[in-house]
Amino acid sequence: MSKSPATRARPLSPHLTVYRPPITMTMSIIHRITGGALYFGTLLVALWLMAAASTEATFDLVNWAFGSWLGRLVLFGYTWALMHHMLGGVRHLVWDTGAGLEKHTASKIAWATLAGSIALTLLIWIAGYMARGA
């Protein structure tokens, strides 16, 4: 007697350990994560603006916190998240026109988004340090 269709072994979906996510999916996930990070980073900008409108001691304290190595690391991450989210938005805007939807082209654009966000972040920080030193 053969097994009924309900008891036959069914193939399992690929597990995360054997599945390599495509770059377009990874960039889409990172786009969403950077959107959430921008929410919290914007709270830091608001804190800085409130400190600027407050007393000099409060402003000095916030500037000291943002000027520490941890503060600068957070601000560097905020800058990268801002650039990455912006370029990801441009990527989606291009896709909304119907351009760049081919698999190979979409992958190239996704890699360009990552490279562009890193390059822009570094350029912003280099320009900031150059202007600070001048």
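As a starting point, this report considers the structure included with it. (Residues numbered from 1 in each chain as written. Predicted model: local features only at pLDDT ≥ 70, side-chain atom pairs only at ≥ 80, totals over all residues. Heavy atoms only, no water.)

Re the packing of aromatic side chains
Step number 1: The final tally for this structure, using the stated rule, is four aromatic pairs.
Step number 2: When the centroid spacing of 5.2 Å and the interplanar angle of 85° are considered together, the rings of Tyr-39 and Phe-40 count as edge-to-face. Each of the two residues, Tyr-39 as well as Phe-40, counts as exposed.
Step number 3: Relative to Trp-125, the ring of Phe-76 has its centre 5.5 Å away and its plane inclined at 65°; by these criteria the two rings are edge-to-face. With Phe-76 in helix 3 (residues 69-96) and Trp-125 in helix 4 (residues 103-133), the pair connects residues that are 49 residues apart, well separated along the chain.
Step number 4: We classify Phe-76 as partly exposed; its relative accessible area is 31%.
Step number 5: On the basis of relative accessible area, Trp-125 is assigned to the buried category, the value being 18%.
Step number 6: One aromatic cluster in this structure is built from Phe-76, Trp-125 and Tyr-129. (Phe/Tyr/Trp six-rings, centres within 6.5 Å; stacked < 30°, edge-to-face > 60°. Buried < 20%, exposed > 50% of the residue type's maximum accessible area, 1.4 Å probe, protein only. Helix = DSSP H or I, 4+ residues; strand = E, 2+ residues; numbered from the N terminus.)

Here we look at the environment of Tyr-39
Step number 1: Position of Tyr-39 among the secondary structure elements: in helix 1 (residues 23-53).
Step number 2: On the basis of relative accessibility, which here comes to 53%, the residue Tyr-39 falls in the exposed class.

Description of a nonpolar patch on the surface
Step number 1: Residues Val-18, Tyr-19, Met-25, Ile-29 and Ile-33 make up a contiguous nonpolar surface patch of about 480 Å² in total accessible area.
Step number 2: Locating Val-18 in the fold gives a position in the segment before helix 1. (Patch = residues over 30% accessible without salt bridge, like charges linked within 9 Å, V, L, I, M, F, W, Y side chains within 5 Å. Areas by Shrake-Rupley, 256 points an atom, 1.4 Å probe, with all protein chains shown as cover. Salt bridge = Lys/Arg side-chain N within 4 Å of Asp/Glu carboxyl O.)

Some thoughts on the layout of surface pockets
Step number 1: Here the largest pocket is characterised by a volume of approximately 450 Å³.
Step number 2: In terms of lining residues, the largest pocket is bounded by 14 residues, among which Phe-66, Arg-72, Leu-75, Trp-125 and Tyr-129 are the most central.
Step number 3: Those elements that provide at least two residues to the lining of the largest pocket are helix 1, helix 2 (56-67), helix 3 and helix 4.
Step number 4: Looking at side-chain class alone, the lining of the largest pocket contains eight nonpolar, four polar and two charged residues. (1 Å grid on protein atoms, 1.4 Å probe; cavity = no way out; pocket = protein on both sides within 12 Å on 5 of 7 lines; lining within 4 Å. Points joined across faces, edges and corners; volume = space filled by probe spheres on them. Nonpolar A, V, L, I, M, F, W, Y, C, P; charged D, E, K, R; others polar.)

Considering the packing of helix 2 against helix 3
Step number 1: Helix 3 packs onto helix 2 with a crossing angle of 75° between their chain directions and a minimal axis gap of 4 Å. One element, helix 2, and the other, helix 3, form an angle in the roughly perpendicular class. Side by side, helix 2 and helix 3 meet where Ala-65, Phe-66 and Gly-67 of the first sit next to Trp-69, Gly-71, Arg-72 and Leu-75 of the second.
Step number 2: Tallied by class, residues from the contact of helix 2 with helix 3 come to four nonpolar, two polar and one charged. (Axes fitted to C-alpha atoms, helices over the stretch in contact; angles between N-to-C directions. Parallel < 35°, antiparallel > 145°, perpendicular 65-115°, else oblique. Contact = heavy atoms within 4.5 Å.)

Comments concerning helix 3
Step number 1: Taking 1.5 Å per residue, 28 residues should reach 40 Å; helix 3 reaches 40 Å between its end C-alpha atoms and fits that length.
Step number 2: Residues of helix 3 that are buried: Gly-71, Tyr-78, Thr-79, Ala-81, Met-83, His-84, Gly-88, Arg-91 and Trp-95.
Step number 3: Those residues of helix 3 hidden inside the fold are in contact with helix 1, helix 2 and helix 4.
Step number 4: Gly-98 lies just past helix 3 and shows a positive phi near 95°. (Expected span 1.5 Å × (residues − 1).)

So, helix 1
Step number 1: For helix 1, built from 31 residues, the straight-helix expectation of 45 Å at 1.5 Å per residue is met to within 8% by its first-to-last C-alpha distance of 44 Å.
Step number 2: Taken as a whole, helix 1 has its buried residues at Ile-23, Met-27, Ser-28, His-31, Thr-34, Leu-38, Gly-41 and Ala-51.
Step number 3: Close packing links the buried residues of helix 1 with helix 2, helix 3 and helix 4.

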